[in-house]
Amino acid sequence: MPVPKQSFINLKIDKSWTLFLDRDGVINRKIDGDYVRNLNQFEWLPGIHDSIRQLSLVFGKIIIVTNQQGVGKGLMTHEEVNTIHEHIKNLVAEKGGKIDAIYYAPELKSENSDLRKPNIGMAHLAKNDFPGIDFLKSIMVGDTMSDMQFGKKAGMITVFITNVKLPPESLNLIDLHFEDVAAFAVYIQNPGS
Ligand SMILES: [Mg+2]
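Residues numbered from 1 in each chain as written. Predicted model: local features only at pLDDT ≥ 70, side-chain atom pairs only at ≥ 80, totals over all residues. Heavy atoms only, no water.

(A) Layout of the side chain of Lys117. Among the structural elements, Lys117 can be located in the loop between strand S3 (101-105) and helix H4 (121-129). In terms of polar contacts, Lys117 uses its side chain to reach the side chain of Asp22, at 2.9 Å. Separated by 2.8 Å, the side chains of Lys117 and Asp147 make a polar contact. (Helix = DSSP H or I, 4+ residues; strand = E, 2+ residues; numbered from the N terminus. Polar contact = N/O pair within 3.5 Å; in protein donor to acceptor, adjacent residues only side chain to side chain.)

(B) Quick look at the environment of Asp22. If you trace the backbone, Asp22 turns up in the loop between strand S1 (18-21) and helix H1 (48-58). By relative accessible area, which is 6% here, Asp22 ends up buried. When the C-alpha positions of Asp22 and Asn40 are compared, they lie 20 Å apart, and in sequence the two are 18 residues distant. Residues within four places of Asp22 in sequence aside, it is in contact with Ile27, Ile64, Val65, Thr66, Lys117, Met140, Val141, Gly142, Asp143 and Asp147. (Buried < 20%, exposed > 50% of the residue type's maximum accessible area, 1.4 Å probe, protein only. Contact = heavy atoms within 4.5 Å.)

(C) Broad picture of the pattern of salt bridges. Counting across every chain of the model gives 10 salt bridges. When salt bridges that share partners are traced, they join Asp22, Lys117 and Asp147 into one network. (Salt bridge = Lys/Arg side-chain N within 4 Å of Asp/Glu carboxyl O.)

What follows is the structure, encoded as structure tokens:
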């Protein structure tokens, strides 16, 4: 189990809180050196439906924010990305959970788009669509440093998903870390224990 920073021991999450989730490597298996180009290549991580179902009971909103520069590279279309995202929303709902919205950044890294993480354009899109979102009552869960930078820039609590030791220089960007979303879901339902 992680050692929570002192300020998180009494962290009390209720429906006024928002959960931001990265996609690849958090919800579905990441394809090293490539992109999940279409639904055939999309593979859920084990246990993720049950975790999202539990987290849906705790958080008011759950939002996915994902960089998909494969679109900018011409390797996949907006339609293919949207098909994957409809599949995610539908399957999660079928299993008793809820994803309120999914935002993606199709631009190339070299374009330095405001939408693309670590920039926080997608957080602002979410806040536009759901004005009740408070970044100070939000948690960003991801598996890369750009996710952690995104969360910190917006003022969120950051949660890193990893099964390896954290690099020391990353510690100021990471508030909590867990092996997978299931372990985070267990923690968030009883953060004091
Ligand atoms: Mg990722």
